[in-house]
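Given next are the chains, with one letter for each unit.
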Amino acid sequence: MDPPPKPRTCRNLLVRLLLFCVVALALRFAYVVAVLGGAGCVSGDFCLFSSPDESLAFSGSGVASTAAKAAFVRGHDGGVATAAPPSLRALWTSREWRRSVEYYSSIFNRLRSDGYLSPSSHSLCVDTPIGYEVLALKEIGVSDAIGVAKKKSLPLVRQGNLFKLPFSDGKFDFVFVGLALDRSRRPADLAAEIARVVRHKGFVVIHTTLAEDLYSLTSLRVLFSGHDLIKSRKIEGPDSSATLREIVIQKVKLELDNSNILGLQKDSENLDSFSDGNSVNKCSTQEHRMHILKSAEPLIEEEPLKPWISLKRNVKNIKYLPALADINFKRRYVYIDIGARSYGSSIGSWFRKQYPKQNHTFEIYAIEADHSFYDEYKLKKGITLLPYAAWIRNETLSFEINRDHDQKEDEKGGGGMGRIQPASRSTNGVVRTINGFDFADWVKRTFSEKDYVVVKMDVEGTEFELIPRLFETGANCLIDELFLECHYNRWQRCCPGVRSPKYQNTYGECLDLFHELRQNGVLVHQWW
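Now for a quick tour of the structure. (Residues numbered from 1 in each chain as written. Predicted model: local features only at pLDDT ≥ 70, side-chain atom pairs only at ≥ 80, totals over all residues. Heavy atoms only, no water.)

## Re the overall build of the chain
Rule in force here: Only DSSP runs of H or I covering at least 4 residues are called helices, and only runs of E covering at least 2 are called strands; the numbering of each starts at the N terminus. Accessible area is worked out with a 1.4 Å probe on protein chains only. A residue is then buried under 20% of its type maximum, exposed over 50%, and partly exposed in between. Working rule for contacts: check all heavy atoms of both residues, and any pair within 4.5 Å makes them a contact. Each accessible area is a Shrake-Rupley result for a 1.4 Å probe, and residues are judged covered by the shown protein chains and nothing else.
Within the chain, the secondary structure is distributed over 17 helices and 19 strands. Residues counted as buried form 52% of the 528 residues belonging to the chain. A sequence separation of at least 24 residues applies to 70% of the contacts in the chain between residues at least 6 apart. Accessible surface computed for the chain: about 25,600 Å², of which carbon and sulfur atoms make up 53%.

## Digging into the packing of helix α16 (residues 463-473) against helix α17 (residues 507-519)
Put simply, the test is: Fitted lines through C-alpha atoms serve as axes, helices being fitted only where they are in contact, and the angles separating the N-to-C directions of these axes extend from 0 to 180 degrees. Each angle receives one of four descriptions, namely roughly parallel if under 35 degrees, roughly antiparallel if over 145, roughly perpendicular if within 65 to 115, and oblique otherwise. Two helices that cross are described as forming a left-handed crossing if the nearer one is turned anticlockwise from the farther one by less than a right angle, and a right-handed crossing if clockwise.
It is at 11 Å that the axes of α16 and α17 come closest, and there the two elements cross at 20 degrees. By the angle between their directions, the pair α16 and α17 is classed as roughly parallel. The handedness of the crossing between α16 and α17 comes out as left-handed. Side by side, α16 and α17 meet where E463, F464, I467 and F471 of the first sit next to E509, C510, L513, E516 and L517 of the second.

## Focus on the side chain of Q250
Mapped onto the secondary structure, Q250 falls in strand β7 (residues 243-251). Once you skip the residues sitting within four places of it in the chain, Q250 turns out to touch K201, G202, F203, G226, H227, D228 and I230.

## A word on the environment of M290
Mapped onto the secondary structure, M290 falls in helix α10 (residues 287-293). For M290, a relative accessible area of 31% translates into the label partly exposed. For the pair formed by M290 and N520, sequence separation is 230 residues and the distance between their alpha carbons is 8.0 Å. Beyond its immediate stretch of four places on either side in the chain, M290 contacts R518, Q519 and G521.

## Regarding the pattern of salt bridges
Rule in force here: By definition here, a salt bridge exists when the distance from a side-chain nitrogen of Lys or Arg to a carboxyl oxygen of Asp or Glu is within 4 Å.
Taken as a whole and judged by the stated rule, the model has 25 salt bridges. Note that K502 is salt-bridged to E460, the shortest N-O span being 3.6 Å. Here the residue K502 occupies a position in the loop between β18 (481-484) and α17, and E460 occupies one in the loop between β17 (452-457) and α16, the gap between them amounting to 42 residues. As far as the burial class goes, K502 and E460 line up, both buried. A salt bridge links R469 to E472; the shortest N-O distance between them is 3.0 Å. Of this pair, R469 and E472 both sit in helix α16, three residues apart, which is roughly one turn of the helix. According to the relative accessible area criterion, R469 is buried, its value standing at 17%. Each of the salt bridges in this network shares a partner with another, and the network as a whole consists of D114, K231, R233 and E246.

## Describing unusual backbone geometry
A cis amide bond, omega 5 degrees, links L154 with the succeeding residue P155. Phi is positive for Q358, close to 50 degrees, though the residue is something other than glycine. Structurally, Q358 can be placed in the loop between α13 (347-354) and β11 (363-367). According to the relative accessible area criterion, Q358 is partly exposed, its value standing at 26%. If you check the backbone angles, N359 has positive phi at about 65 degrees while not being a glycine.

## A closer look at the sheet that holds strand β4 (residues 172-178)
Our working rule: In this scheme, strands are said to pair when DSSP sees at least two bridges between them.
Taken together, seven strands build an open sheet; the order of strands is β3-β2-β1-β4-β5-β7-β6 and the sheet is mixed. Each of the sheet's edge strands pairs with one partner strand only, and the pair in question is β3 (157-159) and β6 (227-236). Adjacent strand axes in the sheet meet at a mean angle of 20 degrees when their direction is disregarded. Inspection of the sheet shows strand β5 (residues 198-208) paired to β7 by six bridges, in the antiparallel sense. If you follow T208 over to β7, its bridge partner there is R245. Across the sheet, helix α8 (residues 187-197) is in contact with β1 (123-126), β4, β5, β6 and β7; its angle to β5 comes to roughly 145 degrees.

## Topic: the state of the cysteines
The criterion, for reference: Note on terminology: pairs of cysteine sulfur atoms within 2.5 Å are recorded as disulfides.
Inspection of every chain in the model, using the stated rule, returns one disulfide. Sulfur-sulfur distance for the disulfide between C486 and C510 comes to 2.1 Å. Taking the torsion about the sulfur-sulfur bond, which here is approximately -85 degrees, the covalent link between C486 and C510 counts as left-handed. Here C510 lies in helix α17 and C486 lies in the loop between β18 and α17, a separation of 24 residues in the sequence. With respect to burial, C486 and C510 carry one shared label: buried.

## Side note on the sheet that holds β17
Reading across from one edge, β12-β11-β10-β17-β18-β19 is the order of the six strands in this open sheet, with parallel pairing throughout. Each end of this open sheet is capped by a strand with a single partner; those strands are β12 (383-386) and β19 (523-526). Adjacent strand axes in the sheet meet at a mean angle of 15 degrees, parallel and antiparallel pairs treated alike. Two elements, β18 and β19, share four bridges in a ladder whose sense is parallel. Across the sheet, the residue bridging to L484 is Q526, located in β19. Along the sheet, α17 contacts β18 and β19; its crossing angle with β19, the most-contacted strand, is approximately 155 degrees.

Here is the structure:
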């Protein structure tokens, strides 16, 4: 009798289970290849079912990757990292994530080769919302790295106020700023905080798309007083479609005074090297100013027969500084109108409407000695009225208000053009007693090289006293752009062949004043 056939149930179950496993593995493999581009696994590790934060975020190999994974899971403070939200876990498995991490890894590897970074460096990445840069540091072996941003992205980035960083003074050996200064509306305050948390002899690395001219590059340097410029070079950006400028600075023991700030290369097309040349004048950073002057409109060398036409037309030829350079790396933006007269004379009609501000809000100071205009300024917001006469010292002065045949049309409310009257001179105009203040001294006490200062000066001949005082005090170094109306014994509109008796200086003396200003690095324009 033949034996009964063996049941095939177990065999069928095993075959089905095996087929299910094969299909599951195939699907997982297809996902890794199609979505991650093969970058999801660590060489030598089994990762087909690994979690994103422990495996897929890391594609390096060897000791550096192992250290990075350990630090990533541990968290910066040594505790166990909390579970990442699904949005972050999805990001960590994306191609963009890997490309960005690999880009910054190449950046940091080069900086490590140059000696600015080491595995033992306490490192900070500023304004890094997601943490590409932090993970890149960990992957190359810099385990003590943390990022800070407005919102946390644990375990790589902690939350913090960028203008009051949650770290002690001198905590970090290496600070990577990236494009944070480009994005900031307060670059000077951010620079001050970065300088505070970096230790003595520590390095700060800045990436920027803005410092492509000598003026803006120098402005950025001035924000980091107390730091030596080590290197500036162009590098490829993350998407390869644009270039960045990488700037490496090192914190020195003492704050730099004006005599120690590095001079910069004159040739704007070669911003990758710098000189330590000493300036022959009082301005600590001069070469960027001289470079701007190469693009300034030429001065009118020959005295115009009809100045009320020639000088007025010349205003259209003016090359404004913001049209020649980037002005973003400044602490404050200031416009000072000396001899402001009414609001509509120049503040409202010209500066607020026509001056190119590159989207910055300017503090406005109106300096006017004629009290006829004071009530109008009480109604104007954003303008600080200084009810004095700009002068070379603090003292009481006689202020003459009159009108001559060649005077411009007077504004509503004014009694005529006012000027400081010499004590020995007689006049047919109205003379009042006013307070004068040392304008140059006020500029020195109120502003610094970190500020962007524009001045319009229409002081009815007093410019021949004020300008020398600016040179004497060094206040000229703090003025970025000057619009100067120089008063001289010009030909009168009313009377052909007759010069105005109101002013004693000649057109040649005015030209000397303009040339001296430009020779000392002041972008001055002939104003009307």
